[in-house]
Amino acid sequence: MKKQGRGIAGCMYSLTVMNAPNPCSAYVQMREDGSVNVQTGACDIGQGSNTVLAMMVAESLTVPFEKVSVYSADTSATPYDFGTLSSRVTYTGGRAVLAACEQVKGVLLEAAAKQLKTRPDRLSFKAGMIVDKYDAQKQLPVAAAAAISQFVHRKLPMGMGEFYPFNVPVDAQGHGEPADSYYYHATAVDVEVDTDTGVVEVKKLYTAVDCGKALNPMIVEGQLEGGAMQAVGWALREDMYPYGTGAEAESPDFNPNFRPINISDYAIATTLDTPEIHGAIVETHEGEGPFGAKAAGEICANSAAPAIVNAIHDAVGIWISDLPATPEKVLKLLRDQQS
Amino acid sequence: MKLTIRFKLNGKAVSAAITPEMTLLTVLKDVMLVNSVKRACVSGECGACTVIVDGKAMNACLILAMTIEDKNVETLENLGAPDRLHPLQKAFVEMGASQCGFCTPGFIMAAKAFLDENPDPTEEQIRVALSGNLCRCTGYVKPVKAVQQAIQEMKDIESGLTPVQAIQGAARIMQGHSAEELNIQIH
Ligand code: FES
Ligand code: FES
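Draft legend 1. View of the overall build of chain B. Scanning chain B from terminus to terminus reveals six helices and five strands. The secondary structure elements of chain B, listed N-terminal to C-terminal, are β-β-α-β-β-β-α-α-α-α-α. The burial tally for chain B puts 48% of its 187 residues in the buried class. A fraction of 56% describes how many contacts in chain B between residues 6 or more apart in sequence connect residues 24 or more apart. For chain B, the exposed area adds up to about 9000 Å²; of that, 53% sits on carbon and sulfur atoms.

Draft legend 2. Region of interest: a nonpolar patch on the surface. A contiguous nonpolar surface patch, about 270 Å² in accessible area, is contributed by Tyr80(A), Phe82(A) and Leu85(A). Among the structural elements, Tyr80(A) can be located in the loop between strand S4 (68-72) and helix H2 (89-116).

Draft legend 3. Structural view of the interface of chain A and chain B. Each side of the interface is counted separately: chain A has 22 residues, and chain B has 24 residues. Summing the contributions of chain A and of chain B, the shared interface buries around 1800 Å²; its carbon and sulfur component is 60%. For the pair chain A and chain B, the interface holds three salt bridges. Residues Glu225(A) and Lys142(B) are paired through a salt bridge, measuring 3.7 Å at the closest nitrogen-oxygen approach. Joining chain A to chain B, the criterion identifies eight residue pairs in polar contact (both at pLDDT 80 or more). When residues of the side of chain A that touches chain B are assigned to their parent elements, the largest contribution, nine residues, is made by helix H4 (residues 217-236) of chain A. Here the residues of the side of chain A that touches chain B sort into 10 nonpolar, nine polar and three charged.

Draft legend 4. Looking closely at the domain arrangement of chain B. Residue and element names in this part refer to chain B. What the domain assignment lists for chain B is domain 1 (3-77) and domain 2 (87-174). Taken over C-alpha atoms, the centre of domain 1 sits 24 Å from the centre of domain 2. Between domain 1 and domain 2, the contact holds 16 residues from the first and 13 residues from the second. Roughly 1200 Å² of surface becomes buried between domain 1 and domain 2 when both sides are summed, with 63% attributable to carbon and sulfur atoms. At the junction of domain 1 with domain 2, the criterion picks out two salt bridges. Across the pair Lys56 and Glu117 runs a salt bridge whose closest N-O atoms are separated by 3.4 Å. Across the contact surface, domain 1 and domain 2 share five residue pairs in polar contact (both at pLDDT 80 or more). If you list the elements that add at least two residues to the side of domain 1 that touches domain 2, you get strand S3 (50-53) and strand S4 (56-59). Here the residues of the side of domain 1 that touches domain 2 are counted per class, giving six nonpolar, five polar and five charged.

Draft legend 5. Up close: the sheet that holds strand S7 (residues 135-141) of chain A. Residues and elements named next belong to chain A. Strand order across the open sheet formed by three strands is S5-S6-S7, with antiparallel pairing between neighbours. Unpaired on one side and paired on the other, strand S5 (123-126) and S7 mark the two borders of the sheet. Between one strand and the next, the sheet's axes are offset by a mean angle of 30°, whatever the strand orientation. Strand direction decides the pairing type here: strand S6 (residues 129-132) and S7, joined by four bridges, are antiparallel. Counted as the bridge partner of Ile130 is Leu140 from S7.

Draft legend 6. Seen up close, the confidence of the model for chain B. Confidence along chain B averages 90 in pLDDT terms, with 86% of residues attaining 70 or more. For this predicted complex, the interface confidence reaches an ipTM of 0.90, while the overall pTM sits at 0.90.

Draft legend 7. Seen up close, the pairing of strand S1 (residues 3-9) of chain B. Residues and elements named next belong to chain B. Relative to strand S2 (residues 12-18), S1 is paired through seven bridges, and the arrangement is antiparallel. Looking at S2, one finds that Lys8 is bridged to Ala13. Hairpin remark: S1 followed by S2, antiparallel, with two residues in the connecting loop; positive phi at Asn10, about 50°. The sheet contact formed by S1 and strand S5 (residues 72-74) spans two bridges and is parallel. Its bridge partner lying in S5, Leu9 is registered against Val73.

Draft legend 8. Geometry of the domain arrangement of chain A. Residues and elements named next belong to chain A. Annotation of chain A at the domain level lists domain 1 (2-14 + 179-338) and domain 2 (24-163). Here domain 1 and domain 2 have C-alpha centroids that lie 39 Å from each other. On the side of domain 2, 17 residues touch domain 1, which itself brings 20 residues to the contact. Roughly 1300 Å² of surface becomes buried between domain 1 and domain 2 when both sides are summed, with 63% attributable to carbon and sulfur atoms. Contact with domain 2 buries surface across domain 1, with Leu215, Pro290 and Phe291 losing the most and accounting together for 37% of the total. Linking domain 1 to domain 2 there are one salt bridge.

Draft legend 9. Looking closely at the pairing of strand S2 (residues 24-30) of chain A. Residues and elements named next belong to chain A. With five of seven residues buried, S2 is to be regarded as a mostly interior element. Of the pairings in the sheet, the one linking S2 to strand S8 (residues 158-163) comprises six bridges and is antiparallel in character. From the neighbouring strand, Cys24 faces S8, where its bridge partner is Phe163. Note that S2 and strand S3 (residues 36-40) share five bridges and pair antiparallel. Each residue of the ladder has a partner; that of Val28, found in S3, is Val38. The antiparallel pairing of S2 with S3 creates a hairpin that spans five residues between the two strands, and Gly34 there sits at a positive phi of about 90°.

Draft legend 10. Expanded view of the sheet that holds S2(B). Residues and elements named next belong to chain B. One open sheet holds the five strands; their spatial order is S2-S1-S5-S3-S4, and the pairing between them is mixed. For this open sheet the edge positions go to S2 and S4, each flanked by a neighbour on one side alone. Direction aside, neighbouring strands of the sheet carry axes that sit 40° apart on average. Where S3 and S5 come together, two bridges link them in antiparallel fashion.

Draft legend 11. Structural context of the pattern of salt bridges. What the rule picks out here adds up to 24 salt bridges over all chains. Two residues, Glu102(A) and Lys105(A), come together in a salt bridge whose shortest N-O distance is 3.8 Å. Taken together, the positions of Glu102(A) and Lys105(A), both in helix H2 and three residues apart, correspond to about one turn of that helix. With relative accessibility at 15%, the residue Lys105(A) sits in the buried group. Close ionic contact of Lys329(A) with Asp322(A) constitutes a salt bridge, the shortest N to O distance being 3.3 Å. The class of Lys329(A) is partly exposed, set by a relative accessible area of 23%. The exposure class of Asp322(A) is partly exposed, given its relative accessible area of 45%. Salt bridges sharing partners connect three or more residues here, namely Glu221(A), Glu225(A) and Lys142(B).

The rules behind each value
Residues numbered from 1 in each chain as written. Chains lettered and ligands numbered in written order. Predicted model: local features only at pLDDT ≥ 70, side-chain atom pairs only at ≥ 80, totals over all residues. Heavy atoms only, no water. Helix = DSSP H or I, 4+ residues; strand = E, 2+ residues; numbered from the N terminus. Buried < 20%, exposed > 50% of the residue type's maximum accessible area, 1.4 Å probe, protein only. Contact = heavy atoms within 4.5 Å. Areas by Shrake-Rupley, 256 points an atom, 1.4 Å probe, with all protein chains shown as cover. Patch = residues over 30% accessible without salt bridge, like charges linked within 9 Å, V, L, I, M, F, W, Y side chains within 5 Å. Salt bridge = Lys/Arg side-chain N within 4 Å of Asp/Glu carboxyl O. Buried area = accessible area lost by both parts, 1.4 Å probe. Polar contact = N/O pair within 3.5 Å; in protein donor to acceptor, adjacent residues only side chain to side chain. Nonpolar A, V, L, I, M, F, W, Y, C, P; charged D, E, K, R; others polar. Domains from an automatic or database assignment. Pairing = 2+ DSSP bridges. Axes fitted to C-alpha atoms, helices over the stretch in contact; angles between N-to-C directions. pLDDT = per-residue confidence, 0-100.

So this is what it looks like as structure tokens:
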């Protein structure tokens, strides 16, 4: 018999690494034609940070997105970054890149002020132009300011930014502030449990993240959908365990080989296992974040598994305490429940 | 033992010096230096190495190179270039259907071979056709939608709309408006 159930779960997660210094740094230089080169150790493993960092630079320097090239994550050439983990890249990388942009802007304003015969503090950036706030006649394209600075005033429009996220390592008494900021996620699922076979199927999945300002909503959706699907896999079928038995496993030197080692046994979900996924972006404004952004990273995979476990309980009244909820485990618990 | 095989790679007659145990994947990646073909599981499980051999999508890691003598091998390089993307490539870019991108060439080649045979599939048929391609990043939502958008665009190009109109039309249809409502002719 097939039984339906519904479950929800929510979670919070730290932005930036907890209890440890985890800086990011970036070099930004505007070339004489107004194009911008960005170098940073922040590594884009597919989450879209190169895109988002380029968007931030474009916004900050008011140049078109296409003019910004990001060169990232080359340890022999790019400045330091702690790594792509703990949902820190948009936030930390963004702050580092923006700090570098501020220096670039300072140089450009100096040059523009000399050229326009005014003071830097009267000038502001507006859609590719540097404009005198009190005398609109006085304006200069940003690219021209870059060229003038470089060739006339002998000052390169470049900046070096760094950002250390705030944290106070938690002490033995549990006092401290582990991370700079936190973000939130929730999942709701409808599942169907086949009481004859133990097979659990996720029918519908709603996933929502509070990512601060969604700088690129399409990328955030991608994170939500991908995270959801990973979590469905972990909840229902993907298992990895140390391999080794008896005395070997008891020994303090036991260095487990994890199994399975290939994807024919580690069955990740395919197009045919995907439930109907609905993503929702809950925008908030993070005051410390770059343009109000927080993150949309690992958290997207965090609350689906508990939601599925809750839904299984709702459907058939059993509690799965050890993931994945394979048909064998579900059937065994159903039998135990009856006896 | 060295052998020479001759085959067509993206329409061009080529030859390669191989040893008998080499797979098509090894020949494409290491001998012909084709960039798009990805080496991942090397056991026929993931589809990252998908290429089209005589019109059929195949896992290059499972084909012995010797068996492709005189055959026609097509890789992603044959589909388009940055300034003239194939509708599938364009749709993958526009929909954000690629994250780390490791699975993407395989997905696009699998979809291409499938659409060549079945230009008007249902979503279910698309999912079945792509079920041999694994993706860890996207949750398959956007890749499947991208294939649907590409189908729409290919139909629109056939029906004589300008590419821009066609893309706008497809985008609106994806957002739930009907073609009639928008006065777009589709057959
Ligand atoms: S590398 Fe060929 S199927 Fe995975
Ligand atoms: S985009 Fe990363 S595996 Fe598909």
